[in-house]
Amino acid sequence: MTQHPPQSILRIATRSSKLALTQTTWVANHLQQRNDHLRVELVEIASAGDRDAHSDISQLEVGAFTKSLQSAVLAGQAECAVHSLKDLPTLEPDGLTIAAIPPREDWRDALVSNGNLTLEELAPGAKVGTSSPRRALQLLLRRPDLKILPIRGNVDTRLTKLDSQQFDAVVLAVAGLNRLSRASVISEILDILPAPGQGALALECRSDDAATVDILQSLHDPATAHLVTTERAWLHACGAGCRSAAAALATLGHTSSQVRLDWFHTGASGTVSGPIEASVELAAGAARDALAQQV
């Protein structure tokens, strides 16, 4: 009789929102496809950001959507956690590591509006819902007349607030709409820069857990990881976070040996490019430019 190795269990910590569960289920299914005899269990964790659904984003602690999951992994309640990379602070807590970054979804932002209007078609003084300073400032540079209002809640909650006429439009990440099969609501893909790491997932585990690192590595995409690491290096060098109007996008140049970094910081913007092997240094230089323009 053929002997099969015992089935191993991988517990993944996740937020309990519909989008978070969709993302984590995607990860779980693909891990099981790539790793024989692996059974994945989801461990739902309420983050501080989820428990406080009313405060403005700027009032929440750094890591409000990730710390509870990280604590669960460190405490042994789960072997790993799935995060939206844009929510993850750039400094890793002691004992944890980002073991894998899967291929990136769409990094762009979308306008969803009543009447399916574009940004330019919105009426003067239209109410646009977003709690992101990054999105708000880039929109106001194009339409200074807009009334930007804070909005909290998951994708369905925000769309319900739009349907009830509390807003004329809301801004949502294309990646989230795609993952929830809700891309049909998009009125316009916006020409603004994203949050560093937007559209990418981070699979985080204990740095001394070699077995889990090895399992998660089966979903790792080196090209995505290199580009989002460049964006996050810029963010870290700026000393910025989700409370700041900071945006960055790293892309490959005309050849795979070149990287281009477009950035936006509190109204200033710029573009740099250089050899891909020096992308972190390139990001640091771009951050110095961004900070110098704030003086």
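Residues numbered from 1 in each chain as written. Predicted model: local features only at pLDDT ≥ 70, side-chain atom pairs only at ≥ 80, totals over all residues. Heavy atoms only, no water.

**Description of the overall build of the chain**
Reasoning step 1: Scanning the chain from terminus to terminus reveals 9 helices and 13 strands.
Reasoning step 2: Taken over C-alpha atoms, the radius of gyration comes to 20 Å for the chain, in line with the 19 Å a tight globule of 295 residues would show.
Reasoning step 3: Counting every position in the chain, which comprises 295 residues, the buried fraction comes to 48%.
Reasoning step 4: By sequence separation, contacts in the chain at least 24 residues apart represent 67% of the contacts at least 6 residues apart. (Helix = DSSP H or I, 4+ residues; strand = E, 2+ residues; numbered from the N terminus. Rg over C-alpha atoms; globule rule 2.2 N^0.38 Å. Buried < 20%, exposed > 50% of the residue type's maximum accessible area, 1.4 Å probe, protein only. Contact = heavy atoms within 4.5 Å.)

**Overview of the sheet that holds strand β7 (residues 147-149)**
Reasoning step 1: Here 5 strands make up an open sheet; going across it, the order is β7-β6-β8-β5-β9 and the pairing mixed. Looking at the sheet topology across the chains shown, the edges are occupied by β7 and β9 (188-189).
Reasoning step 2: Sheet strands in contact with helix α4 (residues 133-142) are β5 (109-113), β6 (127-129), β7, β8 (169-173) and β9, and its direction is about 125 degrees off that of β8.
Reasoning step 3: Sitting on the sheet, helix α5 (residues 155-163) is in contact with β5 and β8, with an inclination near 165 degrees to β8. (Pairing = 2+ DSSP bridges. Axes fitted to C-alpha atoms, helices over the stretch in contact; angles between N-to-C directions.)

**A short note on the nonpolar core**
Reasoning step 1: In this structure, W234, V259, L261, W263 and A286 are the most contacted members of the largest nonpolar core, which totals 19 residues.
Reasoning step 2: Listing elements by their share of this core, those giving two or more residues are α8 (222-238), β11 (246-252), β12 (258-265), β13 (268-275) and α9 (279-292).
Reasoning step 3: Filtering out sequence-adjacent residues up to four positions away, V259 remains in contact with L227, A250, T251, G253, V272, S273, G274, P275, I276, S279 and L282. (Core = buried A, V, L, I, M, F, W, Y, C linked by side-chain atoms within 4.5 Å.)

**Let's talk about the environment of R142**
Reasoning step 1: Examined against the element boundaries, R142 turns out to sit in helix α4.
Reasoning step 2: Looking at R142, the relative accessible area reads 32%, which means it is partly exposed.
Reasoning step 3: Separated by 115 residues in the primary sequence, R142 and S257 have C-alpha atoms spaced 34 Å apart.
Reasoning step 4: A polar contact is formed between the side chain of R142 and the side chain of E120, at a distance of 3.4 Å. (Polar contact = N/O pair within 3.5 Å; in protein donor to acceptor, adjacent residues only side chain to side chain.)

**Structural notes on unusual backbone geometry**
Reasoning step 1: Of note, H37 is a non-glycine position whose phi angle comes to about 65 degrees, a positive value.
Reasoning step 2: Looking at the secondary structure, you find H37 in the loop between α1 (18-34) and β2 (38-44).
Reasoning step 3: Looking at H37, the relative accessible area reads 34%, which means it is partly exposed.

**Brief notes about the sheet that holds strand β1 (residues 8-14)**
Reasoning step 1: Strand order in the open sheet made by the 5 strands is β2-β1-β3-β10-β4, with mixed pairing throughout. Among the strands making up the open sheet, the edge pair consists of β2 and β4 (96-100). The average undirected angle you get between the axes of adjacent strands in this sheet is 35 degrees.
Reasoning step 2: Pairing of β1 with β2 involves 7 bridges; the strand directions are parallel.

**Observations concerning the pairing of β1**
Reasoning step 1: Following the backbone out of β1, through α1 and into the adjacent parallel β2, one traces a crossover that is right-handed.
Reasoning step 2: Relative to strand β3 (residues 80-84), β1 runs parallel, the two sharing 2 bridges. Paired with A13 across the strands is A81, a residue of β3. (Right-handed = clockwise from strand over helix to strand, strands pointing away.)

**Here we look at α5**
Reasoning step 1: Three or more residues of α5 are buried, namely V155, R158, L159 and L162. What you see down the axis of α5 is that its buried residues fit within an arc of 95 degrees, all on one side.
Reasoning step 2: Contacts from the buried residues of α5 go to β5, β8 and α6 (174-179).
Reasoning step 3: Capping the start of α5, N154 holds a side-chain oxygen 3.2 Å from the backbone nitrogen of D156, two or three residues further along. (Arc of directions from axis to C-beta.)

**Things to note about the side chain of N35**
Reasoning step 1: Locating N35 in the fold gives a position in the loop between α1 and β2.
Reasoning step 2: Residue classification places N35 among the buried residues on the basis of a relative accessible area of 16%.
Reasoning step 3: A distance of 3.3 Å separates the side chain of N35 from the side chain of S218, its partner in a polar contact.
Reasoning step 4: Beyond its immediate stretch of four places on either side in the chain, N35 contacts I215 and S218.

**Focus: the confidence of the model for the chain**
Reasoning step 1: Predicted confidence across the chain gives a mean pLDDT of 91, with 90% of residues reaching 70 or more.
Reasoning step 2: Ignoring residues within four places in sequence, the model shows residues 1-5, a span with pLDDT below 50, making 2 contacts including any to other chains. (pLDDT = per-residue confidence, 0-100.)

**As for the pairing of β8**
Reasoning step 1: Within β8, 5 of the 5 residues are buried, leaving the element largely enclosed by the surrounding structure.
Reasoning step 2: Here β8 shows no split at all, with A169, V171 and A173 on one side and V170 and L172 on the other all buried.
Reasoning step 3: Bridge count for β5 against β8 is 5 bridges, and the pairing is antiparallel. Bridge pairing in β8 links D109 to A173.
Reasoning step 4: Where β6 meets β8, 2 bridges bridge the pair, whose relative direction is parallel.

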